[in-house]
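Descriptive structure summary
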There are 2 protein chains.
Amino acid sequence: MSVTDQPRRRDAAATREAILRAAIEAFTRAGYDGAGVREVAAAAGVTAMLVNRYFGSKEQLFAEAVDRSFAAPTVVGADPAALPAQLAAALVARTDPASEPLNPYLLMLRSAGNPRAAEIMREAIGRHVGRRLTGLLTGPDAGERAELVLSVIAGVWLMRDVLATPALTGADPGRLKEHLSGVIQALSRPSPDPA
Amino acid sequence: MSVTDQPRRRDAAATREAILRAAIEAFTRAGYDGAGVREVAAAAGVTAMLVNRYFGSKEQLFAEAVDRSFAAPTVVGADPAALPAQLAAALVARTDPASEPLNPYLLMLRSAGNPRAAEIMREAIGRHVGRRLTGLLTGPDAGERAELVLSVIAGVWLMRDVLATPALTGADPGRLKEHLSGVIQALSRPSPDPA
DNA sequence: GTCTATAGAAAGATAGAC
DNA sequence: GTCTATCTTTCTATAGAC
């Protein structure tokens, strides 16, 4: 049997990568508490022992999975001027229950119940998506408006995809996009109109 | 020993009520997966067996806890005209990490990772807060705008209280209220301005 | 009406062989 | 580099005594 006979047999880096991918999938689908180390191991084609060998513990595995998942942009583009319309459209498309099930917001919402997972995710938000979005906004309170935009994204993802409430899953996508575009626009301005 | 010697000894209704109160507290603090039947029982001063005797299973106990928790209004008032400012003020006050830790949104956010819990909560939202808020809004798409408002509430609660991100916990409450008031206002109108 | 005791399953983590 | 086997804990749920 050659070394290329089986995928990544006796290849530490490839095995580690396979475990990490399986972990992202499992944590996104079932959350921190709902995903087991055995389950991740089986999906990666290894035993549970190897997971702890490479990552130390379930908690550290989760931390790496979160960091990887949060590193790439999801619904926020690069153009500040087009932000409201573009973000609203992407949000409506990706929160459809039939959409791609692998994204950082599902991972976040399904793991938020665990206190340790919440800490890990708070730090990852500050390092990745929070920083990215803050850079797109202008004004003195850009940081807090950026996190309010994140709140809206997470909230819509919760109601429309995780809880799947009828009024949002059945809503017309175009009208939904209009409403959300208005919301994001209200948060793009540095100072709101004081009533 | 008289029958009033100890609180609710041999009083089925009072014992049941004590268990339900303890369950709401535990599920709100730790979520569906994080709260154990033993823990609930101990807080109510009974054994774990009684919990299942009165409620059948952990899942049914959770269903009753959710229904009770979602039944009363939290941040949405009775006056439609004052909705944006009043809701924004209440939301900022109650999502402060030092605020009262017993509310339906924390219960919801910390339990959303469990699929069965998500179903139970979806139904409770339709029965209680979704119906209440829909009644306050006018226009043909009131139902979907009501759930968008709920999305904003839940999202802010997640970021500011559950995850406790620095930019939101450290933000000036007055300015936060202004921003959120603008967001709610954008969702109060039946049809948004098309770009 | 409430208890003790326990069944039965599943979790995270580790020891030690090859 | 990866395995089998197991330790220890924790969970929900139930049987049966008083």
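These figures come from a predicted structure and were not determined experimentally.

So, how was this worked out
- Residues numbered from 1 in each chain as written.
- Chains lettered and ligands numbered in written order.
- Predicted model: local features only at pLDDT ≥ 70, side-chain atom pairs only at ≥ 80, totals over all residues.
- Heavy atoms only, no water.
- Phe/Tyr/Trp six-rings, centres within 6.5 Å; stacked < 30°, edge-to-face > 60°.
- Helix = DSSP H or I, 4+ residues; strand = E, 2+ residues; numbered from the N terminus.
- Buried < 20%, exposed > 50% of the residue type's maximum accessible area, 1.4 Å probe, protein only.
- Lys NZ or Arg CZ within 6 Å of the ring centre and 35° of its normal.
- Core = buried A, V, L, I, M, F, W, Y, C linked by side-chain atoms within 4.5 Å.
- Contact = heavy atoms within 4.5 Å.
- Near = heavy atom within 4 Å.
- Polar contact = N/O pair within 3.5 Å; in protein donor to acceptor, adjacent residues only side chain to side chain.
- Buried area = accessible area lost by both parts, 1.4 Å probe.
- Salt bridge = Lys/Arg side-chain N within 4 Å of Asp/Glu carboxyl O.
- Nonpolar A, V, L, I, M, F, W, Y, C, P; charged D, E, K, R; others polar.
- UniProt positions renumbered as here; feature names shortened; annotations may be inferred.

1. Focus: the packing of aromatic side chains
Residues and elements named next belong to chain A. Tallied over the entire structure, the rule returns 8 aromatic pairs over all chains. Each ring, one from Phe27 and one from Phe62, has its centre 5.0 Å from the other, and the planes form 90 degrees; the classification is edge-to-face. A residue pair is termed long-range when its members are at least 10 positions apart, and Phe27 in helix 1 (residues 12-34) and Phe62 in helix 4 (residues 58-71) qualify at 35 residues. In this pair, the class of Phe27 matches that of Phe62, namely buried. Judged by centre distance (4.8 Å) and plane angle (75 degrees), the ring pair of Tyr32 and Phe62 falls under edge-to-face. Note that Tyr32 is positioned in helix 1 and Phe62 in helix 4, a separation of 30 residues in sequence. Per residue, the accessibility class of Tyr32 equals that of Phe62, and both read buried. Ring-pair connections join several aromatic residues into one group, and the members of that group are Phe27, Tyr32 and Phe62. Taking NZ or CZ as reference, Lys58 lies 4.7 Å from the ring centre of Tyr32, over its face.

2. Observations concerning the nonpolar core
Within the largest apolar cluster, 138 residues are counted, with the highest numbers of intra-cluster contacts made by Ile153(A) and Ile153(B). Other than its neighbours up to four places away in sequence, Ile153(A) contacts Val75(A), Val76(A), Leu87(A), Leu91(A) and Tyr105(A).

3. Quick word on the protein's contact with DNA strand D
In the neighbourhood of DNA strand D, 20 residues make up the surrounding shell, with Met49(A), Arg53(A), Tyr54(A), Arg38(B) and Lys58(B) lying closest. Protein-adjacent atoms of DNA strand D, using a 4 Å cutoff, are sugar or phosphate at a proportion of 44%. Contact between DNA strand D and Tyr54(A): a phosphate oxygen at 2.7 Å from a side-chain N or O atom of the residue. In this structure, Arg38(B) approaches DNA strand D through a side-chain N or O atom, which is 3.1 Å from a base oxygen.

4. Concerning the interface of chain B and chain A
With 49 residues of chain B at the interface, the matching set in chain A holds 49 residues. Across the chain B/chain A interface, buried area totals approximately 3900 Å², and carbon plus sulfur atoms make up 69% of it. Viewed at the interface, chain A and chain B are joined by 4 salt bridges. Our count for the contact surface shared by chain B and chain A stands at 12 residue pairs in polar contact (both at pLDDT 80 or more). Among the elements of the structure, helix 1 (12-34), helix 6 (104-111), helix 7 (115-127), helix 9 (142-162), helix 10 (166-169) and helix 11 (173-188) of chain B are those that each provide at least two residues to the side of chain B that touches chain A. Counting residues per element, the side of chain B that touches chain A draws most heavily on helix 9 of chain B, at 14 residues. Its residues placed into classes, the side of chain B that touches chain A shows 30 nonpolar, 7 polar and 12 charged.

5. What about the UniProt feature "domain: HTH tetR-type" (unreviewed entry) in chain A?
The positions that UniProt labels "domain: HTH tetR-type" (unreviewed entry) are, in the present scheme, residues 13-73 of chain A. Helix makes up 85% of residues 13-73 of chain A and strand 0%, with an end-to-end C-alpha separation of 25 Å.

6. Remarks on the protein's contact with DNA strand C
The local shell around DNA strand C holds 19 residues, among which Arg38(A), Lys58(A), Met49(B), Arg53(B) and Tyr54(B) are the closest. For DNA strand C, the fraction of atoms within 4 Å of the protein that belong to sugar or phosphate moieties is 43%. For DNA strand C, a phosphate oxygen lies 3.4 Å from a polar atom in the side chain of Asn52(A). Here Thr47(B) contributes a backbone N or O atom positioned 3.2 Å from a phosphate oxygen of DNA strand C. The set of elements that each furnish at least two residues to the surface near DNA strand C consists of helix 2 (37-44) and helix 3 (48-55) of chain A together with helix 1 and helix 3 (48-55) of chain B. No other element matches helix 3 of chain B, which puts 4 residues into the surface near DNA strand C.

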